[in-house]
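Results of the structural survey
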Amino acid sequence: MMSDNGYIDGSWQLNINVTDLNVDIALRVKGDLHIGGVMLQLVEALDIALDWSDHGIWWPARNKWLNRTRSTLDQYEVQADAKLEFTPMHKPLQIQLPNLSIIELPVDFSCNVFGAVLQICKKCGIRHPEELSLMRKLEKDDLKKNTLIPVQHKRHRQKQPMSPYVDSPNSHNNSSNSLDFYSPHSNRSPQSTLHHSPGSVHSLSSNSPQNTFNANNSYFAGSMHSLHLDGGYEQILLNGPHKPTKEAFNLLLRPKTFSEKARMNKGWLDSSISLMEQGIRERHLLLLRFKFFTFYDLSPKYDSVRINQIYEQAKWALISEEIDCTEEEMVMFAGLQLQVQLESQNPQPEIFDQTDGQEEDDIDSALKELKESLEGTTAPSSNDITNVPELDAFIKIFKPKKFTLKNFKRYYCVFREYTISLYKSKEDRAGEPIARIGTKGCEASPDVNLSSQKFGIKLFEPTKEGMSEIWLRFDTKELYCDWMAACRLASKGKTMADSTYESEVTTLKTFLSMQEPAADDSNVSSSGSVPDINVEDFVAPRFVRKLKAGQFLKRIKEAHTNVKNMNLTESKMAYIKAWQALPEYGITYFIIKMNNMKKEELIGVANNRIIRMDLQSGDSVKTWRYNTLQTWTVNWETRQVILKFEEENIVFDSPAADCKVVHEFIGGYIFLSMRSSDKNQTLDEALFHKLTGGRL
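As a starting point, this report considers the structure included with it. (Residues numbered from 1 in each chain as written. Predicted model: local features only at pLDDT ≥ 70, side-chain atom pairs only at ≥ 80, totals over all residues. Heavy atoms only, no water.)

1. Thoughts on helix H1 (residues 35-46)
Using the following cut-off: Secondary structure is summarised from DSSP: a helix means a run of H or I of at least four residues, a strand means a run of E of at least two, and numbering begins at the N terminus for each. One less than the residue count of a helix, multiplied by 1.5 Å, gives the span that helix is expected to have. Only protein chains enter the area calculation, which uses a 1.4 Å probe; residues under 20% of their type maximum are buried, those over 50% are exposed, and those in between are partly exposed. Should any heavy atoms of two residues lie within 4.5 Å, those residues are considered in contact.
Compared with an ideal rise of 1.5 Å per residue, which puts 12 residues at 16 Å, H1 spans 17 Å between its outermost C-alpha atoms and is within 8% of the ideal. Of all the residues in H1, the buried ones are Ile-35, Gly-37, Val-38, Met-39, Leu-42 and Leu-46. Its buried side turned inward, H1 meets strand S3 (12-18), strand S4 (23-29), strand S5 (55-59) and strand S7 (83-88). Immediately downstream of H1, the backbone of Asp-47 shows phi near 55°, a positive value.

2. A few points about the sheet that holds strand S18 (residues 443-449)
Going by this rule: In this scheme, strands are said to pair when DSSP sees at least two bridges between them. Axes here refer to lines fitted to C-alpha atoms; in helices the fit is confined to the stretch in contact. Angles between the N-to-C directions go from 0 to 180 degrees.
Read across the sheet, 7 strands follow the order S17-S16-S15-S14-S20-S19-S18 without closing on themselves; strand pairing throughout is antiparallel. Across the chains shown, the open sheet's two edge strands, defined by having one partner strand only, are strand S17 (435-438) and S18. Within the sheet, the average angular offset between the axes of one strand and its neighbour, ignoring direction, is 35°. For strand S15 (residues 409-416) and strand S16 (residues 419-423), the ladder comprises 5 bridges, and the chain directions are antiparallel. The partner of Tyr-412 across the bridge, within S16, is Tyr-423. Each of strand S14 (390-398), S15, S16, S18, strand S19 (454-463) and strand S20 (466-474) touches helix H10 (residues 477-491); the most contacted strand, S19, lies at about 20° to it.

3. What about the pattern of salt bridges?
As a reminder, the rule being used: By convention in these notes, a salt bridge is any Lys or Arg side-chain nitrogen within 4 Å of a carboxyl oxygen on Asp or Glu.
Taken as a whole and assessed by the stated rule, the structure comprises 31 salt bridges. Put simply, Arg-306 and Asp-303 hold a salt bridge, and the shortest N to O gap is 3.1 Å. Of the two residues examined, Arg-306 and Asp-303, each falls in the buried class. Between Glu-601 and Arg-612 there is a salt bridge, with the nearest N and O atoms lying 2.7 Å from each other. Pair noted here: Glu-601 is in strand S22 (residues 600-605) and Arg-612 is in strand S23 (residues 609-613), with a separation of 11 residues, a long-range link. The network of salt bridges with shared partners includes Arg-127, Glu-130, Glu-131, Asp-297, Asp-303, Arg-306 and Arg-675.

Printed below as a string of structure tokens:
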């Protein structure tokens, strides 16, 4: 019904731009029309026989998807002045893998980032995608000062069709032998015909910054959408092309201080919001990285791609100095990297799944224990709770902040449960100790130098005033490994009675043995299978500046002799385990300001604890365990993180990263700790968002 001035039935005109065709369609609608009805009416108005099922309605002015198809225009507050877009939900996204190769995959821009990562990992054959996430590519200037990365402003969005982080389209988007883009979630879309170019794989070479490979080349697989990967694309994910360090540094950030390490984390995307809502557009470049350092069920049989990408992320973190290590450790890592590089050129043996055999061994062991207990055997049991294991030895101790003595003093020490008791002599053990050190919740860092036979531990004891620093020095490597393993378990709230103690000791001994020089120098020099290498591709720059390349090359070959019998998977796993043994492993840094305080401090978020640290030195000030954390929320008005522990509450803001990023790390680690031993468990995405959403 119309009057002289227009419609009087309550309807109004809604303008929608169809991005595939670049045409504007005007629809006559009412506020009670649901979104599904709008799309149906739009498709009927277009009258083009194409599959539009992968399309959704995007509202640029509000920066959000109208993806609840049963909600009405009134519920979304859409009025006549709204300018909407009808656009494909799956769009090509450039993704830099941990091995620095760049691939282009179709990704759903309408779902949250957590869901987008699930899609990417499924196409790449990476299990347990909850351990990964996407982050923006930052520039060097982003590390120099505390700045947040805002979502691209709605007024500027149309003027910037390409991300400031993405390379020129001339380098890879104009390939002459391209394939049509195909979305695995729908039938052929009009977008694939009109605008999209292929899924392609990019990698550095010596001739150009980025080269494009497609299905006609050896780097692209026939199928990217299944867990079974074939062809050259599998090799990109399993091994990847070797990249010279000088070229890789063009893609990597090299933080020099703890402040810069903390500012690197401003780039993480919000897992609960879609890519489009965070300013990401078609063919923008994002970095796929392991975000949470708790690798569940890492199986050589099923996780070849995952193991390689973890290895690559660890390798570049060490070479770019994102994580610190000693000179001897760097040489050991270089030897393992050389073995990986050599073995990647050789055929590898087939890997068999040993899970069934291990399960049978566990059952047999349990039955044997039950039989012995029923028969009343007197044989000692490893699970005997009445037998409290302990360590005792003469140890040199120095407490730099408390004692006035400048030298180490020798004590007879007994480590029992969570306490180290100090005595002047072994005979005094029957009496009261002269001092006690509490190790529950402590921080233990290695202070080892094999060349000078120095085996020490820097122990930070939790006290009411904060963390008290104590140095322990041991006479032998064996003593160090035993006591270091006990300290690490105590830091997790466990004692030496825990079943993992022996494996912890073995891991430490293996880690040190790989750092020892080869026993037979003639075997190293006569090895014809080890080629001359560019030391800069294996060692962090600060070590290259310290010693001559020839000296380092000899030491790398010596370290390689210790691992030359490992196959490819064993070499990568050894590298990963050695990386996990470093003091800084798994700690994500953030710059914070405590409530009502102007001084900037540092917190480290790890898989089982939160550490308050000195911003300049990185020394621990205080540690809180997750098992004492009661609630973790965000005050969205003040943008502050609120953590309520059993003993105290702490409130802080994060000037160098969004508060949601900090909160998501804490909630994410708690979510991952709730994974059960059942390998067939389903991923509870709703629980993840509940724990990381920043609300009660």
